[in-house]
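Next come the chains, spelled out residue by residue.
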Amino acid sequence: MEWILREAPDDWESLVPAGMPKILGRLLAQRGVEAESVERFLRPKLAQLSDPFEIAEMDLAVERVLLAVDAGEEVCIYGDYDVDGVSSIAVLSSVLQAYGLSPSCFVPHRSGEGYGLSDGGVARCLRENPTVSLLISVDCGTVSNDAIDELAKKGIETVVVDHHEMGTVGRPNCVALVNPKSVEDKRGYLCAAGVVFKLAHALLKQRPLPGFDLKQVLDLVAVATISDIVPLVDENRLLVRHGLRLLEKTHRPGLQALLKLTGVMGRLSSADIGFRIGPRLNAAGRMDQPEQALAVLTTESQSEAMQLADDLEEFNRVRQQLDQKILAEAQSLMQENEDLPVIVVGSRGWHAGVVGIVASRLMRMFHKPTFVISIDEDGIGKGSGRSIEGVSLVEAIGAARDLLVAGGGHHMAAGLSIEEAMIDDFRKRFVKFYNETSVGKDLSPKVHIDAEVELGDLSLDFLQSYELLQPFGSGNAQPIFMAREVWLTEPPRRLKNNHLRLFLRQGYEERDAIFFGGGANDLPDPPWDVTFTVDRNVFRGRVSVQISIQHVRAASDN
């Protein structure tokens, strides 16, 4: 693996805030922060939020929702089954209830009904809500033109609140399409819950509700924004920063229960949500029980919350077992084509809800673009893809469109539907695409390092300033640091799950570190160069700098 130290932009030292470590200026410059925006970036305020009515068709949506409020209409909120979808439903439901409505909430099942306003999902929704007159779709609906037309024929109007890309057939025939991507809007980075928050803000600007504090939904918005892996920039970063602080003292019994269950306490980071809370909420949707995830976000009962959290934990345990089973079977199937530069594996009996996770693991293990496909009893495969830097999955799908039932997504993550008989042909086409588009590219694995530091630099004062860069995530990645010529003061201490505790020395400075999964690696003899991330660690009330090792190499390999 090649180690690449990022260049420091010109004049980065001018960005160093007074009294803070110089390295902070380098990290700010690498994130594109300009001198006049440093304070805004380090200490974002909710007053900096833009006017929600700047989003296209927001006025139409507000007018239609308030009409429903005044008429006491039957309103149904229809959302996706992932964290963003159920969080969006929870936010909008709480706002509409504050206006005096009693909206019904509906989440389709992943395996039987599929994503969005599907035929099966809409049919069940209307059976359960036969008198609905306004349907508000959240985290879906932008490309549901046919479904919205059919709803209109039944006398049901639709408001779409979404963040997905527009379809090729244009705007659906809804009353309002509130989606920053419907036009070129700078807020196109928002997740669905973020767009719902903007709708709620607009409603309250148009018709204030004394006693209703919109800031109290920011815990849900933060969970959704982090879990949906949208860029943590601009307003997203602002919403998550304030949402995490609210989440630390959330009044929601379900989130309290999840935090307790996962052992997350004290000052929360985006990693706590992304790796502990989000996966448990998503597990319910993957196991076709998304109502459980919605219930844990909306329940007002402490006892029910603990039971629901336990249920999500069980779903997550089952999901992890499925992951391991499918991963092992996929690796066995890969042996037939192990020399190929791409991975395409599929099988009957694989759970469609977890193939994306398996694809991510295979891609990281073998550093190859990967599709993992679950084939149903009718011989139709649903696959998820994950890619390496430099290989576009959406372009690969475009190059094989004639072999697919459907497909789309992003450069690094995509999905497809394919007939079982066409999987081998798709693999060959994918290899052809890779070979033709990789000419002249260096696709070898790389680690990009933000800055070189000395272990002695990693003080509590450094940590206090460094944490102003948070929250970390997509678009604001956690910095990776490097230290050279590091020795061990004693042998590594092996922990459970192949983790290692390391005792490092550089010059006269000593620091403890954790190397997650490091016990599975053959470590060179010291001295080492190491890459690592830095976090806050609190143990028995004592705050320290936690060093998490990412990579190790012999120092002589410079």
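Rules used in this analysis
Residue positions within a chain follow its written sequence, with the count starting from 1. For a predicted model such as this one, the threshold for reporting local features is a pLDDT of at least 70, and the threshold for listing and counting side-chain atom pairs is 80 or more; totals across whole chains, interfaces and linings nevertheless cover every residue. To get the side-chain values, all heavy atoms of the structure are used, and hydrogens and water are removed first. Helix numbering and strand numbering both begin at the N terminus, where a helix is a DSSP run of H or I of at least 4 residues and a strand a DSSP run of E of at least 2. This radius of gyration counts C-alpha atoms alone. The globule rule is 2.2 Å times how many residues there are, raised to the power 0.38. Burial status follows relative accessibility: with a 1.4 Å probe on protein chains alone, a residue under 20% of its type maximum counts as buried, one over 50% as exposed, and anything between as partly exposed. Counted as positive: Lys and Arg. Counted as negative: Asp and Glu, with His and the chain ends omitted from the count. Charged groups are reduced to one reference atom each: NZ for lysine, CZ for arginine, CG for aspartic acid, CD for glutamic acid. Only buried residues count toward a nonpolar core, which is a set of Ala, Val, Leu, Ile, Met, Phe, Trp, Tyr and Cys residues joined through side-chain atoms within 4.5 Å. Two residues form a contact once any of their heavy atoms are found within 4.5 Å. When DSSP finds two or more bridges between two strands, those strands count as paired. Note on geometry: axes are lines fitted to C-alpha atoms, helical ones only across the stretch in contact, with angles between N-to-C directions running from 0 to 180 degrees. A pocket, in this scheme, is an open set of points on a 1 Å grid over the protein atoms alone with protein on both sides within 12 Å along at least 5 of 7 lines, while a cavity is a set where a 1.4 Å probe fits but cannot get out; residues line either one if an atom lies within 4 Å of a point. Grid points are joined across faces, edges and corners, and a volume is the space filled by probe spheres set on the points. Throughout, the ten residues Ala, Val, Leu, Ile, Met, Phe, Trp, Tyr, Cys and Pro are labelled nonpolar, Asp, Glu, Lys and Arg are labelled charged, and all others, Gly among them, are labelled polar. Multiplying one less than the number of residues by 1.5 Å gives the expected span of a helix. Salt-bridge detection follows one rule: a side-chain nitrogen of Lys or Arg within 4 Å of a carboxyl oxygen of Asp or Glu. By convention, a stacked pair of Phe, Tyr or Trp rings (six-membered ring in the case of Trp) has centres within 6.5 Å and planes under 30 degrees apart, an edge-to-face pair has planes over 60 apart, and any other such pair is tilted. Both a distance and an angle decide whether a charge sits over a ring: NZ of Lys or CZ of Arg must be within 6 Å of the ring centre and within 35 degrees of the ring normal.

**Quick word on the overall build of the chain**
At step 1: Scanning the chain from terminus to terminus reveals 17 helices and 19 strands.
At step 2: The C-alpha radius of gyration computed for the chain amounts to 25 Å, which stays within 12% of the reference 24 Å derived for 558 residues, consistent with globular compactness.
At step 3: Its C-alpha atoms give the chain principal-axis dimensions of roughly 75 × 60 × 50 Å.
At step 4: Here the chain holds 558 residues, and 52% of them are scored as buried.
At step 5: Here the chain carries 58 positive and 79 negative side-chain charges, and the mean point of each set is 4 Å from the other.

**Here we look at the nonpolar core**
At step 1: Ranked by internal contacts, the top residues of the largest apolar core, which has 89 residues, are Ile136, Leu281 and Leu362.
At step 2: Broken down by element, the residue count for this core peaks at nine residues, all from helix 13 (residues 302-334).
At step 3: The contact partners of Leu362, leaving out residues within four places of it in the chain, are Leu327, Ala330, Gln331, Met334, Ile343, Val345, His367, Thr370 and Val372.
At step 4: Listed in part, the 38 residues of the second largest apolar core include Leu15, Ile23, Leu504 and Ile547.

**Quick notes on the sheet that holds strand 6 (residues 176-178)**
At step 1: Taken in spatial order, the five strands line up as 3-2-4-5-6 in an open sheet, and their pairing is parallel. Sheet topology places strand 3 (104-106) and strand 6 at the edges, where each strand pairs with a single neighbour. The sheet shows a mean angle of 20 degrees between the axes of neighbouring strands, taken without regard to direction.
At step 2: In this sheet, strand 6 lies alongside strand 5 (residues 157-161) in parallel orientation, the contact comprising three bridges.

**Focus on the sheet that holds strand 11 (residues 413-419)**
At step 1: In space, the five strands of this open sheet follow the order 7-8-9-11-10, with mixed pairing throughout. The open sheet is flanked by strand 7 (343-348) and strand 10 (406-409), the only strands paired with a single partner. Each adjacent strand pair in this sheet contributes to an overall mean axis angle of 15 degrees, direction not counted.
At step 2: Relative to strand 8 (residues 370-375), strand 7 runs parallel, the two being bridged by six bridges. Within strand 8, the position partnered with Ser347 by the bridge is Ser374.

**Quick word on the layout of surface pockets**
At step 1: If you add up the space inside the second largest pocket, you get close to 490 Å³.
At step 2: Taken together, 21 residues line the second largest pocket, and the ones lying closest to its centre are Arg40, Phe41, Val233, Asp234 and Glu235.
At step 3: Mapped onto the lining of the second largest pocket, the elements with two or more residues apiece are helix 2 (38-42) and helix 9 (234-247).
At step 4: Among the elements that make up the lining of the second largest pocket, the one with the highest residue count is helix 9 (four residues).
At step 5: Counted by class, the lining of the second largest pocket contains seven nonpolar, six polar and eight charged residues.

**As for the environment of Ala200**
At step 1: Note that Ala200 resides in helix 7 (residues 192-206).
At step 2: Classification of Ala200 as buried rests on a relative accessible area of 1%.
At step 3: Each C-alpha atom of the pair Ala200 and Leu214 lies 7.7 Å from the other, and the pair is 14 residues apart in sequence.

**Focus on helix 4 (residues 83-98)**
At step 1: In this model, helix 4 (16 residues) spans 23 Å end to end at C-alpha, consistent with the 22 Å of a helix rising 1.5 Å per residue.
At step 2: Among the 16 residues in helix 4, 13 count as buried, and that is most of the element.
At step 3: Gly100 sits one or two residues past helix 4 and shows a positive phi near 100 degrees.

**Re the pairing of strand 12 (residues 446-449)**
At step 1: Covered by surrounding structure in strand 12 are Val447 and Ile449 only, the residues Lys446 and His448 on the alternate face being uncovered.
At step 2: Two elements, strand 1 (residues 2-5) and strand 12, share four bridges in a ladder whose sense is parallel. In the sheet register, Trp3 faces strand 12, and the bridge partner there is Val447.

**Describing helix 7**
At step 1: In a regular helix each residue adds 1.5 Å, so 15 residues correspond to 21 Å; helix 7 covers 21 Å between its end C-alpha atoms and thus fits that length.
At step 2: Residues of helix 7 that are buried include every one of Ala192, Ala193, Gly194, Val195, Val196, Phe197, Lys198, Leu199, Ala200, Ala202, Leu203 and Leu204, and no others.

**Considerations on the pattern of salt bridges**
At step 1: With the rule as written, the count across this model stands at 35 salt bridges.
At step 2: Measuring nitrogen to oxygen at the nearest pair gives 3.0 Å for the salt bridge that ties Arg124 to Glu128. On the criterion of helical spacing, the pair formed by Arg124 and Glu128 is a turn pair, its members being four residues apart in helix 5 (residues 119-128).
At step 3: Its salt-bridge partner being Arg429, residue Asp402 comes within 2.9 Å of it at the nearest N-O pair.

**Here's the deal with the side chain of Glu467**
At step 1: Turning to its location among the elements, Glu467 is positioned in the loop between helix 17 (460-466) and strand 14 (481-488).
At step 2: A relative accessible area of 13% places Glu467 in the buried class.
At step 3: Leaving out residues up to four positions away in the same chain, Glu467 has contacts with Arg267 and Arg536.

**Here's the deal with unusual backbone geometry**
At step 1: Between Gln470 and Pro471 the backbone carries a cis peptide bond, its omega angle lying at 5 degrees.
At step 2: Relative to the elements of secondary structure, Pro471 occurs in the loop between helix 17 and strand 14.
At step 3: Going from Pro526 to Pro527, the amide bond is cis rather than trans, its omega being 5 degrees.
At step 4: Topologically, Pro527 is positioned in the loop between strand 17 (509-515) and strand 18 (528-539).
At step 5: Here Asp11, not a glycine, exhibits a phi torsion of approximately 60 degrees, which is positive.
At step 6: Its identity as a non-glycine residue notwithstanding, Glu485 has a phi of 55 degrees, on the positive side.

**Things to note about the packing of aromatic side chains**
At step 1: Evaluated as defined, the whole model comprises nine aromatic pairs.
At step 2: For the pair Tyr466 and Phe481, a centre-to-centre distance of 5.9 Å together with 55 degrees between the ring planes defines the contact as tilted. A residue pair is termed long-range when its members are at least 10 positions apart, and Tyr466 in helix 17 and Phe481 in strand 14 qualify at 15 residues.
At step 3: For Tyr466, a relative accessible area of 1% translates into the label buried.
At step 4: A residue is classified by how much of its surface remains accessible, and Phe481, at 0% relative accessible area, is buried.
At step 5: Each residue in the set Phe462, Tyr466, Phe472, Phe481 and Phe532 is aromatic and connected to the rest through ring pairs, giving one cluster.
At step 6: If you follow Arg237 out to its NZ or CZ, it ends over the ring of Phe41, 3.6 Å from the centre.
At step 7: Across the ring face of Trp3, the terminal group of Arg553 is positioned such that the distance to the ring centre comes to 4.1 Å.

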